[in-house]
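Chain and residue survey
Spelled out, the chains give:
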Amino acid sequence: MTKSSLKEKEIQVQTVFRNPSAAFLYELALKEDYQGKMSSIASSGALIAYSGAKTGRSPADKRIVEEAASKDNIDWGKVNIPLPEASFKLNKEIALKYLNGCEQLFQIDGYIGWNPKSRIKGRIICARPYHALFMNNMMIRPTEAELATFGNPDWIIYNAGQQAASTSVPGVTSETSVCLDFASKEGVILGSEYAGCMKKAFFTVMNYELPLKGILPMHCSANEAPDGSTALFFGLSGTGKTTLSADPARQLIGDDEHGWDADGIFNFEGGCYAKTVKLSASNEPDIWKAIRFGTVLENVVYHPDSHQVDFNDISITENTRASYPIEFIENAKIPCLGTHPKNVIFLTCDAYGVLPPVSKLSPAQAMYHFISGYTAKVAGTEMGITEPEATFSACFGAAFMVWHPMKYAELLKQKLLDQQATVWLVNTGWTGGNYGVGKRISLKDTRSIVTAILNGSLEKVSFSNDPVFGLASPMSCAGVDSKLLSPEACWSDKAAFKKYQKELAEAFLANFEQYAAQVSGEVLAVAPKI
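Small disclaimer: the values here were computed from a predicted structure and weren't measured.

Scanning the protein for helices and strands turns up 13 helices and 33 strands. Summarising its shape, the C-alpha atoms of the protein cover approximately 70 × 55 × 50 Å along the three principal directions. Within the protein, contacts between residues at least 6 apart in sequence are counted, and of these 72% link residues at least 24 apart. Of the roughly 20,800 Å² of accessible surface on the protein, 52% is carried by carbon and sulfur atoms. Computing the positive centroid from 50 side-chain charges and the negative centroid from 56, the protein places the two 2 Å apart.

We now examine the nonpolar core. With 132 residues, the main nonpolar core has L297 and F346 as its most contacted residues. Not counting the four nearest positions on each side in its chain, L297 is found in contact with A42, A46, L47, I48, A49, T276, I291, V309, F311, R321 and A322.

With that out of the way, let us pick up the environment of F463. Mapped onto the secondary structure, F463 falls in strand β32 (residues 463-465). The spatial distance from the C-alpha of F463 to the C-alpha of F370 is 22 Å, given a sequence separation of 93 residues. Discounting residues that sit within four places of it in the chain, F463 has contacts with K360, W424, L458, A472, S473, P474 and M475.

Closest axis-to-axis distance for the helix α8 (residues 363-372)/helix α12 (residues 494-512) pair is 10 Å, and the angle between their directions is 80°. Here α12 runs roughly perpendicular to α8, going by the angle between their axes. Contacts between α8 and α12 involve Y368, H369, I371 and S372 from the first element and F508, L509, N511 and F512 from the second. Classifying every residue of the contact of α8 with α12 by side-chain character gives 5 nonpolar, 3 polar and no charged.

Spanning 19 residues, α12 covers 27 Å between terminal C-alpha atoms, matching the ideal 27 Å at 1.5 Å per step. If you check which residues of α12 are buried, you get A496, F497, Y500, Q501, L504, A505, A507, F508, N511 and F512. Burial along α12 is one-sided: seen end-on, the buried residues are contained in an arc of 165°. Against α8, β27 (374-377), β28 (389-392), α11 (487-490) and α13 (521-524) lie the buried residues of α12. The N-terminus of α12 is capped by D493, whose side-chain oxygen sits 3.3 Å from the backbone nitrogen of A495.

Basis of the calculations
- Residues numbered from 1 in each chain as written.
- Predicted model: local features only at pLDDT ≥ 70, side-chain atom pairs only at ≥ 80, totals over all residues.
- Heavy atoms only, no water.
- Helix = DSSP H or I, 4+ residues; strand = E, 2+ residues; numbered from the N terminus.
- Contact = heavy atoms within 4.5 Å.
- Areas by Shrake-Rupley, 256 points an atom, 1.4 Å probe, with all protein chains shown as cover.
- Lys, Arg positive; Asp, Glu negative; His and termini not counted.
- Charge placed at Lys NZ, Arg CZ, Asp CG, Glu CD.
- Core = buried A, V, L, I, M, F, W, Y, C linked by side-chain atoms within 4.5 Å.
- Buried < 20%, exposed > 50% of the residue type's maximum accessible area, 1.4 Å probe, protein only.
- Axes fitted to C-alpha atoms, helices over the stretch in contact; angles between N-to-C directions.
- Parallel < 35°, antiparallel > 145°, perpendicular 65-115°, else oblique.
- Nonpolar A, V, L, I, M, F, W, Y, C, P; charged D, E, K, R; others polar.
- Expected span 1.5 Å × (residues − 1).
- Arc of directions from axis to C-beta.
- Polar contact = N/O pair within 3.5 Å; in protein donor to acceptor, adjacent residues only side chain to side chain.

Next comes the structure, spelled out in structure tokens:
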């Protein structure tokens, strides 16, 4: 750890700790009385910290500065909301005023991207020790030699999350504001102390900058077989992306954010940010073992005497999290790089129970389903939902995409064609009926399907096409009852199957209308047929 000066960044605070150790940050965090909630040490050795009122991201409060160099590249709308340049400057002034009023600050310098050819240098300036430890975990940690020659960062994020934003600033609509300026290569966080805001700010940066270089940024996990072959797993929350990529027979490259460049796959991050709700040693042994000294546990509840964490207690939030360096995962591959993948898996949790457990996609179908990014909400997850509700998130991560989804889809298509990779759609949702009637496809069966994909055996079986979605489904798979592979065969009420199949097809078509003008006829031709 060294002390640093940030005067060139308009920060006059004398005590700025640069890349301090976990032990040093623990010591400071444990002295911090944050709104009556003291940080503590879990029985496992992890640091327990609290983010205050905000326990998740605030996508409605994200803004992108509308400036001349980038404005024609950005897909403006509900995800990318424009902010005037003058408003960004006002937000930055508010952040600097707050940071300059602190007794001490933290400067965390690190890399985003494991491939030195494609990575960027990032810097976080923050006031809370737990935020500093979080980002030291999540960014790729420079060696002492690299830190000595780090120089100026490519991007800098000012995290003044303890200070509320001002709605008097044009374009700011609440006390929370997370804004990025692609011209100055700066970001400002106000009104939210949820640590994930920092992580996703840099992910958004990579989602803008990498396509300018012909590199595909991806919201996916990746792992590698002993023979060096890699696989990608795309999927929204609840589809099994983290669980299925954590395979003891394969090395983990990363669990969330990756790039695909001319050399292959590279993880963006130096750590993992895992959900811990209902975590147990039996269902997630790798994550369980990673929760130790150096890990940040965010917003969890623990027993006051034993300091054992109750991962089933969601009284603070259901979005409890653990942030740890990726080397805390025993079978992580360091450096986090992989070859070009031969298999790409799209995961969906279909609560309608009508999609096959596995389908092989053509290049056009791959683009259609990548742009759609389908999964389903089920009854009980949100107020007012009593029937399965289709949810679409373009590129399996719309909240973080900056360009139009077609930009990412075209990059993916070219990568798939260049590498002759196969794309599979794997449904981890329901079978034999919709949610509340049927049952969820077992993890055992899904793992057998993924194993058959990755060992190549599923390529060698016969396939059949369903007439509505046009999906080519295998008629057999090692370790899986062949009846499961045909959704309609699993339903006793065939009329109900047809009803829900039609409903889901209509939802796909309605969602895709917004992209119809930008996609090719080849892609439109593979849409569901009603």
